[in-house]
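Each chain, written out:
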Amino acid sequence: MTPLYMAFLGGGLLCLIGQLIMDLTKANITPGHILVGYISIGAVLSGLGLYQPLVDAVGAGATIPLSGFGHLLVQGTLKAVESKGLLGAFSGGVEAAAAGITCAIVFGYVAAVLFNPRD
Amino acid sequence: MNVDAKQMKKIEMQEYQNLVDQIKPKPDILKNSVWAFMVGGLICGFAQVLVNYLLSLGMSRTDAGSAVSCIMIFLAAFFTGIGVYDELGKRAGAGSIVPITGFANAIVASAMEFKREGYIFGVGARIFSVAGPTLVFGFAVAVVVGLIKVFLSS
């Protein structure tokens, strides 16, 4: 089991990097850009085999940031390619991330319907 | 427009941009960084508590990870709904954007704004205004990595 302080440190550092990207670059970086950037970079690092060591070290500190979601997609894809070949390249990612994606859509929809934005 | 006028316009725009950069408040980098680190760390630390609890119940690592993602997404959707998450986001910045809770927040916040356009093509469509691009790039990289593996192992 990953100790708590490692998850805290890992997650904190990944968020700190995002904050520095937003504050130190001149371009207007929106939260959307951060999300897209993190999932893409996480997926690429995972494909290169560089993200798993981070997950081993800081646990939820690396899986909860959105880069961990990219890692999940890629690892699911790679596992499915081993067992199913070419079909796995297209099915494995969503299979691994199914619960998260479904929860995000269903809980997101319900919350958006039930609550109203405050002005 | 002749070349001179174009040149003038370009210089004017450059001057305007410089002026904007001067007046725009500089972000307090140290304060923002501390906030992002603390809030992001606390969110991930809380998730780790949940993961460790589920593992102690005998759940597999994969299932525990999925379940905790679902719990975090549920909580973020709820706290976005009651308006708390966005208040936190004003201070925490990337600390509340980078974790998966920020993904759920982006979904609910953008969907909620478009309720007046209806529940199907308002809320239903706007759910994906931020989640869509995120998933597109996530899937695209995953498929490319998968195809490279297929290619290398054949």
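Residues numbered from 1 in each chain as written. Chains lettered and ligands numbered in written order. Predicted model: local features only at pLDDT ≥ 70, side-chain atom pairs only at ≥ 80, totals over all residues.

Caption draft 1: Structural context of the overall build of chain B. For chain B, the helix and strand inventory stands at eight helices and zero strands. Counting helices and strands in the order they occur from the N terminus, chain B gives α-α-α-α-α-α-α-α. Taken over C-alpha atoms, the radius of gyration comes to 22 Å for chain B, far larger than the 15 Å a tight globule of 154 residues would show. Here the C-alpha coordinates of chain B stretch approximately 75 × 50 × 40 Å along the principal axes. By the burial criterion, 41% of the 154 residues in chain B qualify as buried. (Helix = DSSP H or I, 4+ residues; strand = E, 2+ residues; numbered from the N terminus. Rg over C-alpha atoms; globule rule 2.2 N^0.38 Å. Buried ≥ 20, exposed ≤ 12 C-beta atoms within 10 Å, placed from the backbone.)

Caption draft 2: Geometry of the interface of chain A and chain B. Listed by partner, the interface residues are 65 residues for chain A and 66 residues for chain B. When contributions to the side of chain A that touches chain B are tallied by element, the ones reaching two or more residues are helix 1 (4-24), helix 2 (31-47), helix 4 (60-63), helix 5 (66-84) and helix 6 (86-114) of chain A. With 18 residues, the single largest contributor to the side of chain A that touches chain B is helix 6 of chain A. Taken together, the residues of the side of chain A that touches chain B break down into 42 nonpolar, 21 polar and two charged. (Contact = placed C-beta atoms within 7 Å. Nonpolar A, V, L, I, M, F, W, Y, C, P; charged D, E, K, R; others polar.)

Caption draft 3: Spotlight on helix 4 (residues 84-92) of chain B. Residues and elements named next belong to chain B. Among the residues of helix 4, Y85, G89 and A92 are the ones counted as buried. All buried residues of helix 4 lie within an arc of 80° about the axis, which places them on one face of the element. More than 90 degrees from the buried face of helix 4, the exposed residues found are V84 and K90. Phi turns positive, to about 55°, at G93, one or two residues after helix 4. (Arc of directions from axis to C-beta.)

Caption draft 4: Looking closely at helix 1 of chain A. The first and last C-alpha atoms of helix 1 of chain A sit 30 Å apart over 21 residues, in line with the 30 Å expected at 1.5 Å per residue. Taken residue by residue, helix 1 of chain A has A7(A), F8(A), G10(A), G11(A), G12(A), L14(A), C15(A), L16(A), I17(A), G18(A), Q19(A) and M22(A) as its buried positions. Packing partners of the buried residues in helix 1 of chain A comprise helix 2, helix 3 (51-58), helix 4 and helix 5 of chain A together with helix 2 (29-56) and helix 5 (94-97) of chain B. (Expected span 1.5 Å × (residues − 1).)

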